[in-house]
Amino acid sequence: MTVMEPFGARLRRAMDERGPLCVGIDPHASLLAEWGLNDDVAGLERFSRTVVEAMADRVAVLKPQSAFFERFGSRGVAVLETTVQEARAAGALVVMDAKRGDIGSTMAAYAESFLHKDAPLFSDALTVSPYLGYGSLKPAVDLARESGAGLFVLALTSNPEGGEVQHAVRGDGRSVGATMLAHLAAENAGEEPLGSFGAVVGATLGDLSSYDLGINGPLLAPGIGAQGATPADLPRVFGAALRNVVPNVSRGVLRHGPDVTALRTAADRFAVEIRTAVTAS
Ligand SMILES: O=C(O)c1cc(=O)[nH]c(=O)n1[C@@H]1O[C@H](COP(=O)(O)O)[C@@H](O)[C@H]1O
(Lines give C-alpha, C1' and ligand atoms only; values in the text may rest on other atoms or scores of the structure.)
Protein backbone atom coordinates (compact mmCIF):
# COMPACT_ATOMS: atom_id res chain seq x y z
CA MET A 1 0.00 0.00 0.00
CA THR A 2 1.39 3.40 -0.91
CA VAL A 3 1.28 5.86 1.93
CA MET A 4 0.40 9.38 0.91
CA GLU A 5 2.84 12.11 1.82
CA PRO A 6 1.51 14.22 4.70
CA PHE A 7 -0.84 17.05 3.75
CA GLY A 8 1.48 19.74 5.14
CA ALA A 9 4.34 18.67 2.88
CA ARG A 10 2.06 18.43 -0.15
CA LEU A 11 0.57 21.83 0.60
CA ARG A 12 3.99 23.47 1.09
CA ARG A 13 5.08 22.20 -2.32
CA ALA A 14 1.85 23.28 -4.01
CA MET A 15 2.13 26.76 -2.47
CA ASP A 16 5.76 27.08 -3.56
CA GLU A 17 5.01 25.91 -7.10
CA ARG A 18 1.64 27.55 -7.73
CA GLY A 19 1.45 30.33 -5.18
CA PRO A 20 -0.70 30.08 -2.05
CA LEU A 21 -4.13 31.07 -3.41
CA CYS A 22 -7.16 28.97 -2.47
CA VAL A 23 -10.23 29.50 -4.62
CA GLY A 24 -13.58 28.57 -3.10
CA ILE A 25 -16.23 26.64 -4.97
CA ASP A 26 -19.32 28.26 -3.48
CA PRO A 27 -22.29 27.81 -5.84
CA HIS A 28 -24.56 30.42 -4.27
CA ALA A 29 -28.02 30.58 -5.85
CA SER A 30 -27.26 34.20 -6.74
CA LEU A 31 -24.08 33.19 -8.59
CA LEU A 32 -25.90 30.44 -10.50
CA ALA A 33 -28.34 33.13 -11.65
CA GLU A 34 -25.52 35.54 -12.58
CA TRP A 35 -23.93 32.76 -14.63
CA GLY A 36 -27.22 32.20 -16.47
CA LEU A 37 -27.70 28.80 -14.83
CA ASN A 38 -30.78 27.32 -13.24
CA ASP A 39 -30.85 26.85 -9.48
CA ASP A 40 -30.93 23.06 -9.88
CA VAL A 41 -28.57 20.09 -9.96
CA ALA A 42 -27.68 20.64 -13.63
CA GLY A 43 -26.77 24.26 -12.84
CA LEU A 44 -24.75 23.16 -9.83
CA GLU A 45 -22.87 20.63 -11.93
CA ARG A 46 -22.08 23.10 -14.72
CA PHE A 47 -20.90 25.71 -12.22
CA SER A 48 -18.62 23.32 -10.38
CA ARG A 49 -17.21 21.76 -13.54
CA THR A 50 -16.40 25.22 -14.90
CA VAL A 51 -14.55 26.26 -11.75
CA VAL A 52 -12.57 23.02 -11.75
CA GLU A 53 -11.75 23.42 -15.45
CA ALA A 54 -10.65 27.03 -14.93
CA MET A 55 -8.65 26.55 -11.73
CA ALA A 56 -7.61 23.02 -10.84
CA ASP A 57 -4.47 22.94 -13.00
CA ARG A 58 -3.18 26.26 -11.67
CA VAL A 59 -4.20 27.15 -8.10
CA ALA A 60 -2.73 25.36 -5.08
CA VAL A 61 -6.05 24.70 -3.37
CA LEU A 62 -9.73 24.48 -4.23
CA LYS A 63 -12.23 24.65 -1.38
CA PRO A 64 -15.73 23.42 -2.17
CA GLN A 65 -18.29 24.63 0.36
CA SER A 66 -20.38 21.55 1.10
CA ALA A 67 -23.50 23.48 2.14
CA PHE A 68 -24.16 24.66 -1.40
CA PHE A 69 -24.11 21.05 -2.62
CA GLU A 70 -26.08 19.56 0.30
CA ARG A 71 -28.83 22.04 -0.53
CA PHE A 72 -29.75 19.73 -3.43
CA GLY A 73 -29.80 16.51 -1.37
CA SER A 74 -28.17 13.30 -2.53
CA ARG A 75 -27.81 14.46 -6.13
CA GLY A 76 -26.00 17.57 -4.95
CA VAL A 77 -23.68 15.44 -2.86
CA ALA A 78 -23.01 13.29 -5.94
CA VAL A 79 -21.92 16.47 -7.74
CA LEU A 80 -19.67 17.28 -4.78
CA GLU A 81 -18.05 13.84 -5.07
CA THR A 82 -17.31 14.36 -8.75
CA THR A 83 -16.05 17.89 -8.08
CA VAL A 84 -13.59 16.72 -5.45
CA GLN A 85 -12.37 13.81 -7.56
CA GLU A 86 -11.94 15.88 -10.73
CA ALA A 87 -10.21 18.72 -8.92
CA ARG A 88 -7.73 16.33 -7.29
CA ALA A 89 -7.14 14.48 -10.57
CA ALA A 90 -6.33 17.81 -12.25
CA GLY A 91 -3.68 18.59 -9.64
CA ALA A 92 -5.32 20.83 -7.04
CA LEU A 93 -5.40 20.02 -3.36
CA VAL A 94 -8.98 19.96 -2.10
CA VAL A 95 -10.01 21.38 1.25
CA MET A 96 -13.53 20.22 1.98
CA ASP A 97 -15.29 23.07 3.73
CA ALA A 98 -17.87 21.17 5.78
CA LYS A 99 -16.99 22.59 9.23
CA ARG A 100 -17.76 19.38 11.05
CA GLY A 101 -17.64 19.08 14.83
CA ASP A 102 -19.33 16.70 17.29
CA ILE A 103 -18.68 14.44 20.27
CA GLY A 104 -15.70 12.22 19.63
CA SER A 105 -17.60 9.04 18.71
CA THR A 106 -19.64 10.89 16.08
CA MET A 107 -16.60 12.87 14.98
CA ALA A 108 -15.04 9.54 14.08
CA ALA A 109 -17.82 8.99 11.54
CA TYR A 110 -17.38 12.48 10.10
CA ALA A 111 -13.68 11.73 9.80
CA GLU A 112 -14.45 8.46 7.98
CA SER A 113 -16.65 10.43 5.56
CA PHE A 114 -14.00 12.89 4.45
CA LEU A 115 -10.58 11.64 5.54
CA HIS A 116 -10.64 7.90 4.92
CA LYS A 117 -8.71 7.29 1.74
CA ASP A 118 -11.46 5.06 0.30
CA ALA A 119 -14.35 7.44 1.07
CA PRO A 120 -16.17 8.85 -1.98
CA LEU A 121 -15.66 12.34 -0.54
CA PHE A 122 -12.02 11.85 0.47
CA SER A 123 -10.40 15.27 0.53
CA ASP A 124 -6.89 16.45 1.20
CA ALA A 125 -8.13 18.38 4.23
CA LEU A 126 -11.36 19.17 6.07
CA THR A 127 -12.52 22.25 7.96
CA VAL A 128 -13.61 21.36 11.50
CA SER A 129 -15.12 23.19 14.46
CA PRO A 130 -13.37 22.71 17.81
CA TYR A 131 -16.16 24.24 19.85
CA LEU A 132 -17.18 20.94 21.41
CA GLY A 133 -13.67 21.01 22.83
CA TYR A 134 -10.44 20.52 20.91
CA GLY A 135 -10.13 16.97 22.24
CA SER A 136 -13.39 15.99 20.52
CA LEU A 137 -11.50 16.31 17.22
CA LYS A 138 -9.05 13.53 18.12
CA PRO A 139 -10.59 10.90 15.80
CA ALA A 140 -10.21 13.32 12.90
CA VAL A 141 -6.64 14.17 13.86
CA ASP A 142 -5.78 10.46 14.09
CA LEU A 143 -7.39 9.49 10.78
CA ALA A 144 -5.89 12.52 9.01
CA ARG A 145 -2.41 11.42 10.15
CA GLU A 146 -3.06 7.88 8.95
CA SER A 147 -4.36 9.04 5.55
CA GLY A 148 -1.85 11.81 4.85
CA ALA A 149 -4.68 14.34 5.06
CA GLY A 150 -5.04 17.53 7.09
CA LEU A 151 -7.48 19.60 9.08
CA PHE A 152 -8.27 23.29 9.27
CA VAL A 153 -9.56 24.08 12.74
CA LEU A 154 -11.71 27.17 13.21
CA ALA A 155 -9.62 29.37 15.49
CA LEU A 156 -10.37 33.03 14.69
CA THR A 157 -13.09 33.17 12.08
CA SER A 158 -13.63 35.98 9.61
CA ASN A 159 -17.19 36.83 10.67
CA PRO A 160 -17.87 39.64 13.16
CA GLU A 161 -19.93 37.34 15.44
CA GLY A 162 -17.01 34.97 16.04
CA GLY A 163 -15.38 37.14 18.69
CA GLU A 164 -17.91 36.40 21.44
CA VAL A 165 -16.69 32.82 21.52
CA GLN A 166 -13.16 33.01 20.18
CA HIS A 167 -11.95 36.11 22.04
CA ALA A 168 -13.52 34.98 25.32
CA VAL A 169 -10.86 34.73 27.99
CA ARG A 170 -10.52 31.53 29.98
CA GLY A 171 -9.67 31.07 33.63
CA ASP A 172 -5.97 30.82 32.78
CA GLY A 173 -6.06 34.22 31.07
CA ARG A 174 -5.74 32.82 27.55
CA SER A 175 -8.45 33.40 24.97
CA VAL A 176 -10.36 30.49 23.44
CA GLY A 177 -8.94 31.24 19.97
CA ALA A 178 -5.38 31.37 21.33
CA THR A 179 -5.98 28.03 23.04
CA MET A 180 -6.96 26.44 19.74
CA LEU A 181 -3.80 27.84 18.14
CA ALA A 182 -1.73 26.37 20.99
CA HIS A 183 -3.32 22.94 20.47
CA LEU A 184 -2.41 23.12 16.78
CA ALA A 185 1.17 24.18 17.52
CA ALA A 186 1.50 21.08 19.71
CA GLU A 187 0.01 18.90 16.95
CA ASN A 188 2.51 20.21 14.39
CA ALA A 189 5.61 20.24 16.62
CA GLY A 190 8.69 19.00 14.81
CA GLU A 191 6.94 18.50 11.46
CA GLU A 192 8.86 19.56 8.37
CA PRO A 193 8.48 21.40 6.10
CA LEU A 194 5.01 22.20 7.49
CA GLY A 195 2.54 20.47 9.79
CA SER A 196 -0.78 19.18 8.48
CA PHE A 197 -3.01 20.73 11.13
CA GLY A 198 -3.98 24.23 10.12
CA ALA A 199 -6.01 27.02 11.64
CA VAL A 200 -8.70 29.14 10.06
CA VAL A 201 -7.85 32.77 10.75
CA GLY A 202 -9.89 35.44 8.99
CA ALA A 203 -8.09 37.98 6.81
CA THR A 204 -10.69 40.48 8.03
CA LEU A 205 -9.46 40.59 11.63
CA GLY A 206 -6.92 43.41 11.59
CA ASP A 207 -3.92 43.34 13.87
CA LEU A 208 -3.48 39.89 15.43
CA SER A 209 -0.09 40.56 16.98
CA SER A 210 -1.41 39.52 20.39
CA TYR A 211 -1.93 35.98 19.04
CA ASP A 212 0.84 33.47 18.44
CA LEU A 213 0.17 32.38 14.87
CA GLY A 214 3.41 30.40 14.74
CA ILE A 215 1.71 27.00 14.75
CA ASN A 216 4.08 25.42 12.19
CA GLY A 217 0.99 24.71 10.14
CA PRO A 218 -1.04 26.42 7.43
CA LEU A 219 -3.32 29.35 8.15
CA LEU A 220 -6.41 29.35 5.94
CA ALA A 221 -7.39 33.00 5.56
CA PRO A 222 -10.90 33.59 4.22
CA GLY A 223 -12.43 37.04 3.97
CA ILE A 224 -10.65 38.50 0.94
CA GLY A 225 -12.97 39.98 -1.66
CA ALA A 226 -16.66 39.82 -0.76
CA GLN A 227 -16.07 40.18 3.01
CA GLY A 228 -13.94 43.28 2.52
CA ALA A 229 -10.36 42.23 3.20
CA THR A 230 -7.69 42.68 0.52
CA PRO A 231 -4.36 40.95 -0.15
CA ALA A 232 -2.65 44.15 1.04
CA ASP A 233 -4.09 43.49 4.53
CA LEU A 234 -2.30 40.15 4.88
CA PRO A 235 1.08 41.36 6.24
CA ARG A 236 -0.60 43.42 8.96
CA VAL A 237 -2.87 40.56 10.01
CA PHE A 238 -0.39 37.69 9.83
CA GLY A 239 3.02 39.28 10.49
CA ALA A 240 5.80 36.71 10.71
CA ALA A 241 3.40 33.83 9.89
CA LEU A 242 2.71 35.19 6.40
CA ARG A 243 4.62 32.44 4.59
CA ASN A 244 2.18 29.84 5.89
CA VAL A 245 -0.97 31.73 4.91
CA VAL A 246 -3.36 30.24 2.36
CA PRO A 247 -5.61 33.15 1.37
CA ASN A 248 -9.08 32.08 0.24
CA VAL A 249 -11.21 33.97 -2.25
CA SER A 250 -14.63 32.63 -3.26
CA ARG A 251 -17.16 35.18 -4.55
CA GLY A 252 -14.39 37.66 -5.46
CA VAL A 253 -13.30 35.23 -8.19
CA LEU A 254 -16.55 33.38 -8.91
CA ARG A 255 -18.50 36.51 -9.81
CA HIS A 256 -16.34 36.79 -12.95
CA GLY A 257 -17.73 33.53 -14.42
CA PRO A 258 -18.92 31.70 -16.34
CA ASP A 259 -16.18 32.61 -18.82
CA VAL A 260 -13.14 30.45 -18.03
CA THR A 261 -10.65 33.08 -19.15
CA ALA A 262 -12.33 35.76 -17.03
CA LEU A 263 -12.24 33.45 -13.99
CA ARG A 264 -8.54 32.78 -14.57
CA THR A 265 -7.81 36.48 -15.00
CA ALA A 266 -9.59 37.29 -11.74
CA ALA A 267 -7.71 34.56 -9.86
CA ASP A 268 -4.40 35.71 -11.41
CA ARG A 269 -5.09 39.25 -10.25
CA PHE A 270 -5.56 38.08 -6.66
CA ALA A 271 -2.49 35.83 -6.96
CA VAL A 272 -0.33 38.76 -8.11
CA GLU A 273 -1.65 41.02 -5.35
CA ILE A 274 -0.94 38.32 -2.78
CA ARG A 275 2.60 37.78 -4.10
CA THR A 276 3.22 41.53 -4.03
CA ALA A 277 1.97 41.80 -0.46
CA VAL A 278 4.02 38.82 0.70
CA THR A 279 7.27 39.82 -1.01
CA ALA A 280 7.00 43.48 0.05
CA SER A 281 6.63 42.57 3.72
O1 LIG B 1 -13.70 27.78 6.91
C2 LIG B 1 -13.88 28.65 6.05
O3 LIG B 1 -13.51 28.46 4.90
C4 LIG B 1 -14.42 29.95 6.45
C5 LIG B 1 -14.11 30.35 7.73
C6 LIG B 1 -14.33 31.68 8.10
O7 LIG B 1 -13.93 32.11 9.17
N8 LIG B 1 -14.94 32.51 7.21
C9 LIG B 1 -15.31 32.10 5.96
O10 LIG B 1 -15.81 32.93 5.19
N11 LIG B 1 -15.13 30.79 5.59
C12 LIG B 1 -15.61 30.30 4.29
O13 LIG B 1 -14.84 30.92 3.26
C14 LIG B 1 -15.68 31.26 2.13
C15 LIG B 1 -15.64 32.77 1.95
O16 LIG B 1 -16.33 33.13 0.79
P17 LIG B 1 -16.27 34.59 0.15
O18 LIG B 1 -16.65 35.55 1.21
O19 LIG B 1 -17.26 34.51 -0.97
O20 LIG B 1 -14.85 34.78 -0.35
C21 LIG B 1 -17.06 30.71 2.45
O22 LIG B 1 -17.13 29.41 1.89
C23 LIG B 1 -17.08 30.60 3.96
O24 LIG B 1 -17.92 29.55 4.41
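Please read these numbers as outputs of a predicted model, since none were measured by experiment.

Cut-off values and rules
Residues numbered from 1 in each chain as written. Predicted model: local features only at pLDDT ≥ 70, side-chain atom pairs only at ≥ 80, totals over all residues. Heavy atoms only, no water. UniProt positions renumbered as here; feature names shortened; annotations may be inferred. Helix = DSSP H or I, 4+ residues; strand = E, 2+ residues; numbered from the N terminus. Polar contact = N/O pair within 3.5 Å; in protein donor to acceptor, adjacent residues only side chain to side chain. Pairing = 2+ DSSP bridges. Axes fitted to C-alpha atoms, helices over the stretch in contact; angles between N-to-C directions. Expected span 1.5 Å × (residues − 1). Buried < 20%, exposed > 50% of the residue type's maximum accessible area, 1.4 Å probe, protein only. Arc of directions from axis to C-beta. Contact = heavy atoms within 4.5 Å.

Visitor: I'm lost on the UniProt feature "active site" (unreviewed entry) in the protein chain in this one. Help?
Guide: What UniProt calls "active site" (unreviewed entry) maps, in this numbering, to Lys99. With respect to the element layout, Lys99 can be found in strand β3 (residues 93–100). At 2.8 Å, the side chain of Lys99 and the side chain of Asp97 are in polar contact.

Visitor: So what exactly am I meant to see when it comes to the sheet that holds strand β7 (residues 219–221) here?
Guide: To summarise the sheet geometry, strands pair through backbone hydrogen bonds and adopt either a parallel or an antiparallel arrangement. Strand order around the closed barrel formed by 8 strands is β1-β2-β3-β4-β5-β6-β7-β8, with parallel pairing between neighbours. Here the average twist between neighbouring strands, direction ignored, is 30°. The sheet contact formed by strand β5 (residues 150–156) and strand β6 (residues 197–201) spans 5 bridges and is parallel. Along β6, the bridge assignment pairs Phe152 with Gly198.

Visitor: In this structure, what is going on with helix α12 (residues 260–280)? I would like to understand it.
Guide: Since there are 3.6 residues in each turn of an α-helix, residues three or four apart along the chain are aligned in direction. Given a rise of 1.5 Å per residue, 21 residues ought to cover 30 Å, and the 30 Å separating the end C-alpha atoms of α12 matches this to within 8%. Taken together, the buried positions of α12 are Val260, Leu263, Ala266, Ala267, Phe270, Ile274 and Ala277. Mapping the buried residues of α12 onto a view down its axis gives an arc of 135°, with all of them on the same face. For α12, the exposed residues set more than 90 degrees away from the buried face come down to Thr261, Arg275, Thr279 and Ala280. On its buried face, α12 sits against β1 (22–25), α3 (41–55), α10 (234–238), β8 (245–249) and α11 (251–254).

Visitor: It is not clear to me how the pairing of strand β2 (residues 61–64) should be interpreted in this structure. Could you clarify?
Guide: Successive side chains on a regular strand alternate, one facing one side of the sheet and the next facing the other. Side chains Val61 and Lys63 of β2 all project onto a buried face; the interleaved residues Leu62 and Pro64 project onto the opposite face, where all are buried too. In this structure, β1 lies alongside β2, joined through 4 bridges in parallel fashion. Counterpart to Cys22 in the pairing with β2 is Val61. Where β2 meets β3, 2 bridges bridge the pair, whose relative direction is parallel. Residue Leu62 lies in a different strand from β3, and its bridge partner there is Val94.

Visitor: In this structure, what is going on with α3? I would like to understand it.
Guide: Taking 1.5 Å per residue as the helical rise, α3 with its 15 residues ought to reach 21 Å, and the 21 Å between its terminal C-alpha atoms agrees with that figure. The residue sitting at the N-terminus of α3 and contributing the capping side-chain oxygen is Asp40; that oxygen lies 3.2 Å from the backbone nitrogen of Ala42.

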